[in-house]
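Here is how the chains run, residue by residue.
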Amino acid sequence: MSNIIQLLPDNVANQIAAGEVVQRPASVVKELLENAIDAGATEIQLIVKEAGQTLIQVIDNGKGMSTTDARLSLERHATSKIRKAEDLFHLSTMGFRGEALASIVAVAQCEIKTKREEDELGTLIQIEGSETKKQEPCAGEKGTSISVKNLFFNLPARRKFLKSNAVERRHIIDQFERIAIIYPKIRFLFFNDEIKLFHLDPGTLRQRIVAVFGKNYNDRLVPIEEETSLVYLHGFVSKPEFAKKKKDGQFLFVNGRFIKSNYLHHGILAAYSELIPNGVHPSYFIHLECNPESIDVNIHPTKTEIKFEDERSIYAIIRSAVKKALGEHNIAPTIDFNRETVFDDLPQNKSLVQPSIKINSNFNPFESNTDGMSNSNHPNNSFSKTVTKNYQKNWESLINKNTELEQQDLALDDDNDRFSISGQAENQIQKSDLDNTLTENRKDQNRVFQIHGKYILSPIKSGLLVIDQRRAHERVLYERNLKTLALHQGASQKNLFPATFDFSQNDSVLLNELSSELHLLGFEFEEFGDNSFIFRGLPVEVAQENCKELIDEILQSFKENEQNLELKSHVNIAFSLAQKESRCLNKILSNEECTALIDRLFGCENPHTTVSGKSIISTLSLDELNSKFT
Ligand code: ADP
Ligand code: MG
């Protein structure tokens, strides 16, 4: 029998290798950006069309390639970065395997233009599925531009496996952020479907984080820095009070490379234990710089997992550095964080205090209500105490006509609700006086009038209380939603027949982004192909609604609120749902319903203003009434 083993032709071998390196458009983005960085670029442009399916182009002003190098760079195992096996242990570049370009050109239609400073003319190469179509000299600036068109054009099965454009775009943005953050000295421009998504000017790490994640990060970050013989660790971690439901904003880098490590992630979380409740996550941007000899990057084709020689020590160092940073933040909360290395100013041997945050995870604004909306299965609980405290405090402020002051005080906390639920201004009246006044007001409050299905009036000692019914509902439902998010208590009602709906590209990106919050609130859905979603359940309170309209309205409100009020996403979604729900509650209410609403409103943290800052309550004093009859 003749021999049957054959060497695979190069293009087939390259396609197989491409399976490991090029899983999706985002992998191409990563490899091209890394090459541009290795080439010493100070400015890098990323151009993406249709989530990378039609075009991914990276233009850099790095050192460029000679004609021979440009040809060679497309071969497998062709690299300028290592020469011998030992070099693997002294890596100072992102790439070294010499297989990225070979893999990319095996599965796409590519054009490479490159020129070195010293050459008069550059080189242009067109190559499709590893087959060179054109090579010629070309004019141009120093640097390299690589365009990757129609990814997987020759592998229809792989193309079919790609997720929706929204999902692939998200992956691309993630990859871009992972690189852009840790190279703040490099200018990055990112055009997505001809729209400039990012323009990042050179700056410090803090400036880069803020440029990528938004201005509100500036107040959230605590610098962290530690130098040991094993590793130099620096970066930022988020203050515990800004921990989020979403796990985004968690970045660990080793020698300029984004890495994933559950073990070290755990070390960081361990430093936050007792500072944040379960289910919320801190953000961190931590760079570990160590001797390349002490790590092995070569254990994973995409190099996102690495092996440390002494992982346990690194774990301990990270944990204690984060703890120290949080402790110092707590003793010196007003230090100027715009400086990069604030630690220099602090006394070295000052004893550190563990920061502490009080969270009343038992908060339930509806404990005192009787309409079945409450979740009152906590027998001997502190819920009712909190509500009573709010109730007393709120009545008191009304009675004392301190409303304005209190409003300022309370309105502040919309942004921080989850953490400030129990920590508001204290009673200032003698308690016995207050109790008497309250009893009297409660009696009066039972006399309520509703006018035009819009306002609720109730006599109080000093005159007349006027409540905007819709806004009151909105506030009550908003605080309930926030609590549901904080305590994971959303109840969902299963639809009898699951329904599938199509959404615009933008809305499906948004639905994916908000999916964890929406699930917590009781929406049950999953993505089902290109921009369509299958809904299986809705929150019990809105289960009767037309599902598509409901979701559209909530997303619309969310977008408007995002533009008009700078709300955190969990606050925004809680508010958007409350806005939608309260619109349906503008109707004639029974006396009992009116009283229940007033009770619930006064059990709120802030009964005075809506999230958007509008008044919910107004009082007409006896004097004002009298003055109308003089
Ligand atoms: P690796 O980065 O692992 O060496 P690649 O396939 O990504 O392998 O790149 C092969 C070689 O092509 C690199 O070693 C480098 O010499 C060259 N190269 C790739 N991209 C660029 C670029 N943007 N500018 C200059 N040289 C580049
Ligand atoms: Mg490379």
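Provided above is the structure to which this section pertains.
Per chain, residues are indexed from 1 in the order of the written sequence. By the order in which they are written, chains take letters starting at A while ligands take numbers starting at 1. Per-residue local features of the predicted model are confined to residues with pLDDT of at least 70, and side-chain atom pairs are confined, for both listing and counting, to 80 or more; whole-chain, interface and lining totals are unaffected and use all residues. Note that water and hydrogens are dropped before the side-chain values are worked out from all heavy atoms of the structure.

Observations concerning unusual backbone geometry
For residues other than glycine, phi is negative in most cases, and the peptide bonds are mostly trans.
Part 1 of the reasoning: Even without being glycine, E50 reaches a positive phi, approximately 45°.
Part 2 of the reasoning: What makes E50 partly exposed here is its relative accessible area of 43%.
Part 3 of the reasoning: The phi dihedral of H452 falls on the positive side, at around 55°, and the residue is not glycine.
Part 4 of the reasoning: Secondary structure counts use DSSP, requiring at least four H or I residues in a row for a helix and at least two E residues in a row for a strand, with both numbered from the N terminus. Among the secondary structure elements, H452 is positioned in the loop between β16 (449–451) and β17 (455–460).
Part 5 of the reasoning: Burial here depends on accessible area, computed with a 1.4 Å probe over protein chains only, as a share of the maximum for the residue type. Under 20% is buried, over 50% is exposed, and the range in between is partly exposed. A residue is classified by how much of its surface remains accessible, and H452, at 77% relative accessible area, is exposed.

Here's the deal with the site of ligand 1
Part 1 of the reasoning: Near ligand 1 there are 18 residues, and of these N35, T79, S80, K81 and G98 occur at the shortest range.
Part 2 of the reasoning: Separating an oxygen atom of ligand 1 from a backbone N or O atom of L101 is a distance of 2.9 Å.
Part 3 of the reasoning: Each accessible area value is a Shrake-Rupley result obtained with a 1.4 Å probe; residue values ignore everything except the protein chains displayed when judging cover. Contact with the protein chains removes 93% of the 530 Å² of surface that ligand 1 exposes when unbound.
Part 4 of the reasoning: Of the pockets mapped on this structure, ligand 1 occupies the second largest pocket. Whether a residue is near a molecule or strand is decided by its heavy atoms; if any one of them lies within 4 Å of it, the residue is near. Throughout this description, a polar contact denotes any pair of N or O atoms lying within 3.5 Å of each other; where both atoms belong to protein, one of them has to be capable of donating a hydrogen while the other can accept it, and for residues adjacent in sequence the pair is counted only when both atoms sit in side chains. Here the term cavity refers to a set of points on a 1 Å grid, laid over the protein atoms alone, in which a 1.4 Å probe fits but cannot get out; the term pocket refers to an open set having protein on both sides within 12 Å along at least five of seven lines, with lining residues being those that place an atom within 4 Å of a point. Placement in a cavity or pocket follows one criterion, namely that more than half of the molecule's atoms lie within 2 Å of its grid points.

Things to note about empty space enclosed by the protein
Part 1 of the reasoning: Grid points are joined across faces, edges and corners, and a volume is the space filled by probe spheres set on the points. This structure, assessed with the given rule, holds three cavities of 30 Å³ or more.
Part 2 of the reasoning: Of the pockets and cavities examined, the second largest cavity occupies roughly 50 Å³.
Part 3 of the reasoning: Lining the second largest cavity are K30, E34, M94, Q175, R178, I179, G256, R257 and F258.
Part 4 of the reasoning: Elements supplying a minimum of two residues to the lining of the second largest cavity: α2 (25–38), α6 (165–182) and β12 (257–259).
Part 5 of the reasoning: Among the elements that take part in the lining of the second largest cavity, α6 stands out by supplying three residues, more than any other.
Part 6 of the reasoning: In the scheme used here, Gly and all other residues not listed as nonpolar or charged are polar, with Ala, Val, Leu, Ile, Met, Phe, Trp, Tyr, Cys and Pro taken as nonpolar and Asp, Glu, Lys and Arg as charged. For the lining of the second largest cavity, the per-class residue count stands at three nonpolar, two polar and four charged.

Concerning the packing of aromatic side chains
Part 1 of the reasoning: Pairing of aromatic side chains requires ring centres within 6.5 Å, counting the rings of Phe and Tyr and the six-membered ring of Trp. Pairs whose planes differ by under 30 degrees are stacked, by over 60 edge-to-face, and all others tilted. As enumerated under the stated definition, the model contains 19 aromatic pairs in all.
Part 2 of the reasoning: With a centroid separation of 6.0 Å and an interplanar angle of 10°, the aromatic rings of F251 and F253 are classed as stacked.
Part 3 of the reasoning: Residue classification places F251 among the buried residues on the basis of a relative accessible area of 6%.
Part 4 of the reasoning: With a relative accessible area of 0%, F253 lands in the buried category.
Part 5 of the reasoning: Between F503 and F535, the aromatic rings sit 6.3 Å apart at their centres with planes inclined by 45°, giving tilted as the arrangement. Taken together, the residues F503 in the loop between β19 (492–502) and α15 (505–513) and F535 in strand β21 (residues 532–539) connect sequence positions 32 residues apart.
Part 6 of the reasoning: Put simply, the rings of F213, Y217, F251, F253, F258 and F285 touch in pairs and so form one group of aromatic residues.
Part 7 of the reasoning: In our convention, an over-ring charge means Lys NZ or Arg CZ found within 6 Å of a ring centre and within 35 degrees of that ring's normal. Sitting above the plane of the Y217 ring, R220 keeps its charged end 4.8 Å from the centroid.
Part 8 of the reasoning: Here the guanidinium or amino end of K548 rests over the ring plane of F503, the centre of that ring lying 4.6 Å away.

Some remarks on the nonpolar core
Part 1 of the reasoning: By convention a nonpolar core is built from buried Ala, Val, Leu, Ile, Met, Phe, Trp, Tyr and Cys residues, the set being connected through side-chain atoms within 4.5 Å. Judged by nonpolar contacts, the single largest core of 61 residues is most densely connected at V148 and F188.
Part 2 of the reasoning: Residue contacts are counted whenever heavy atoms from the two residues lie within 4.5 Å of one another. Ignoring sequence-local partners within four residues, the contact set of V148 consists of V28, L32, T54, L55, I56, I104, A108, Q109 and C110.
Part 3 of the reasoning: Ranked by size, the runner-up nonpolar core spans 35 residues in total, among them I224, L233, I306 and L326.

So, the sheet that holds β12
Part 1 of the reasoning: The strand order β9-β10-β13-β11-β12 describes an open sheet built from five strands, whose pairing is mixed. Each edge of the open sheet is held by one strand with a lone partner, namely β9 (221–227) and β12. The average angle at which neighbouring strand axes cross in this sheet is 20°, direction not considered.
Part 2 of the reasoning: Only when DSSP finds a minimum of two bridges between them are two strands counted as paired. As defined by bridge partners, strand β11 (residues 250–254) adjoins strand β13 (residues 284–290) across five bridges and the pair is classed as parallel. Among the inter-strand pairings, L252 is bridged to a residue of β13, identified as I286.
Part 3 of the reasoning: α6 rests against β11, β12 and β13 of the sheet, and its axis sits at about 60° to β11.
Part 4 of the reasoning: Against the sheet, helix α8 (residues 262–272) contacts β10 (231–238), β11 and β13, and its axis sits at roughly 125° relative to β13. All axes are obtained by fitting lines to C-alpha atoms, using only the stretch in contact for helices, and the reported angles, taken between N-to-C directions, cover 0 to 180 degrees.

Focus: α6
Each turn of an α-helix holds 3.6 residues, which means side chains three or four residues apart point in the same direction.
Part 1 of the reasoning: Between its first and last C-alpha, α6 extends 26 Å over 18 residues, near the 26 Å set by a 1.5 Å rise per residue.
Part 2 of the reasoning: Of all 18 residues that make up α6, 15 are buried, and the element is covered over most of its length. Take the number of residues in a helix, subtract one, and multiply by 1.5 Å to get its expected span.

Regarding the packing of helix α14 (residues 469–487) against helix α19 (residues 591–602)
Part 1 of the reasoning: Viewed as axis vectors pointing N to C, α14 and α19 meet at an angle of 50°, and their least axial separation amounts to 9 Å. Here α19 runs oblique to α14, going by the angle between their axes. Between α14 and α19 lies a crossing of left-handed hand. Note on element contacts: α19 touches α14 through L597, R600 and L601, opposite Q469, A472, H473, R475 and V476.
Part 2 of the reasoning: Its residues assigned to classes, the contact of α14 with α19 comprises four nonpolar, two polar and two charged. With respect to orientation, any angle under 35 degrees is reported as roughly parallel, any angle over 145 as roughly antiparallel, any angle of 65 to 115 as roughly perpendicular, and every other angle as oblique. Each crossing is labelled by how the near helix is turned from the far one, with a counterclockwise turn of less than a right angle marking it left-handed and a clockwise turn marking it right-handed.

Considerations on the layout of surface pockets
Part 1 of the reasoning: Reported here for the second largest pocket is a volume of approximately 730 Å³.
Part 2 of the reasoning: Considering the residues around the second largest pocket, the lining is formed by 33 residues, among which N35, M65, S73, S80 and K81 are closest to the centre.
Part 3 of the reasoning: Elements represented by at least two residues in the lining of the second largest pocket include exactly α2, β2 (55–60), α3 (67–72), α4 (100–106) and β6 (143–149).
Part 4 of the reasoning: Among the elements that take part in the lining of the second largest pocket, α2 stands out by supplying five residues, more than any other.
Part 5 of the reasoning: Along the lines of polarity and charge, the residues of the lining of the second largest pocket split into 13 nonpolar, ten polar and ten charged.

Examining the sheet that holds β2
Part 1 of the reasoning: Strands sit in the order β5-β4-β3-β6-β2-β1-β7-β8 across an open sheet of eight strands; the sheet is mixed. The open sheet is flanked by β5 (131–138) and β8 (195–200), the only strands paired with a single partner. Sheet twist, expressed as the average angle between the axes of neighbouring strands with direction ignored, equals 10°.
Part 2 of the reasoning: In terms of strand pairing, strand β7 (residues 187–192) meets β8 through five bridges, oriented antiparallel. Each residue of the ladder has a partner; that of N192, found in β8, is I195.
Part 3 of the reasoning: Contacting β1 (43–49), β7 and β8, α6 crosses the sheet at an angle of about 175° to β7.
Part 4 of the reasoning: Sheet strands in contact with helix α7 (residues 205–213) are β7 and β8, and its direction is about 165° off that of β8.

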